[in-house]
Amino acid sequence: MTKLLQVDFEFNGPFGEEMTVALMDLAKSINQEPGMIWKIWTENAQQKLGGGIYLFETEATAKAYLAMHTVRLQQLGISQVRGVIFDINQSLTNINQGPTTDSFSH
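Keep in mind that what you see is a predicted model, and the values were worked out from it rather than measured. (Residues numbered from 1 in each chain as written. Predicted model: local features only at pLDDT ≥ 70, side-chain atom pairs only at ≥ 80, totals over all residues. Heavy atoms only, no water.)

Novice: I tried to follow the overall build of the chain on my own but got confused; where do I start?
Specialist: If you tally the helices and strands in the chain, you get three helices and four strands. For the chain, the N- to C-terminal ordering of α and β elements is β-α-β-β-α-β-α. Relative to its length of 106 residues, the chain is compact, with a C-alpha radius of gyration of 14 Å against a globular reference of 13 Å. Dimensions of the chain, computed from the C-alpha atoms along their principal axes, are close to 40 × 25 × 25 Å. (Helix = DSSP H or I, 4+ residues; strand = E, 2+ residues; numbered from the N terminus. Rg over C-alpha atoms; globule rule 2.2 N^0.38 Å.)

Novice: What is the right way to look at the environment of Ile95 in this model?
Specialist: By the secondary structure assignment, Ile95 is in helix 3 (residues 90-95). The exposure class assigned to Ile95 is exposed, which follows from its relative accessible area of 58%. Each C-alpha atom of the pair Ile95 and Leu26 lies 33 Å from the other, and the pair is 69 residues apart in sequence. (Buried < 20%, exposed > 50% of the residue type's maximum accessible area, 1.4 Å probe, protein only.)

Novice: Just checking my understanding: could you explain the packing of aromatic side chains for this structure?
Specialist: When we look at a pair of aromatic rings, we describe it by the centre distance and by the angle of the planes. Taken as a whole and judged by the stated rule, the model has five aromatic pairs. Where Phe11 meets Phe15, the ring centres are 5.4 Å apart and the plane angle is 85 degrees; that geometry is what we call edge-to-face. Summarising the aromatic geometry, the rings of Tyr54 and Tyr65 are spaced 5.0 Å apart at their centres and angled 50 degrees between planes, so their arrangement reads as tilted. With Tyr54 in strand 3 (residues 49-56) and Tyr65 in helix 2 (residues 59-75), the pair connects residues that are 11 residues apart, well separated along the chain. A residue is classified by how much of its surface remains accessible, and Tyr65, at 2% relative accessible area, is buried. In textbook terms, an aromatic cluster arises when at least three aromatic residues are bridged by ring pairs, as seen for Phe9, Phe11 and Phe15. (Phe/Tyr/Trp six-rings, centres within 6.5 Å; stacked < 30°, edge-to-face > 60°.)

Novice: Explain the nonpolar core here, please?
Specialist: The nonpolar side chains of a soluble globular protein tend to be buried with one another. Core analysis: the largest hydrophobic core is formed by 16 residues, its most contacted members being Leu5, Val7, Tyr54 and Phe56. Ranked by the residues each element gives to this core, the list is headed by helix 2, at four residues. Contacts of Leu5, omitting those with residues within four sequence positions, involve Gly52, Ile53, Tyr54, Phe56, Ala62, Tyr65, Leu66, Gly83, Val84 and Ile85. (Core = buried A, V, L, I, M, F, W, Y, C linked by side-chain atoms within 4.5 Å. Contact = heavy atoms within 4.5 Å.)

Novice: Help me understand the pattern of salt bridges in this model?
Specialist: Two side chains with opposite charge may pair up if their charged atoms get near one another. This model, assessed by the stated rule, comprises three salt bridges. For Asp87, the salt bridge is made with Lys3, and the minimal N-O distance between the two is 2.0 Å. Of the two residues, Asp87 sits in the loop between strand 4 (81-86) and helix 3 while Lys3 sits in strand 1 (residues 3-10), which places them 84 residues apart along the sequence. Look at Lys3 and you get buried, because its relative accessible area is 10%. Asp8 is the salt-bridge partner of Arg82, the closest N and O atoms lying 2.7 Å from each other. Note that Arg82 is positioned in strand 4 and Asp8 in strand 1, a separation of 74 residues in sequence. (Salt bridge = Lys/Arg side-chain N within 4 Å of Asp/Glu carboxyl O.)

Shown next as structure tokens:
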């Protein structure tokens with residue numbers, strides 16, 4: 001069963017296009033992470049927050065990614081990383097066209 005991972009942390013930038021340029025290689029590498037289906041990058045320059053919403057194949061792959069990503073962020077000087085793994089209510093998500101693997105046919 002797929003799992004949603006929500007991660008956020010204090011982030012001083014860069015944001016917007018500068019963030020895109022600076023983190024392009026990281027974004028590409030995330031596609032190679034075991035069990036990762038997709039990621040939505042989140043940023044809030046006003047509140048100085050960064051993060052993402054991820055869809056993983058299993059809870060185990062979501063937990064493994066969160067552990068690895070937390071260490072990576074801490075090595076970059078980010079001390080507090082909030083990560084929560086959620087189940088998806090697929091019936092309600094389908095009503096709102098949520099982009100999960102069960103929401104559309106392959």
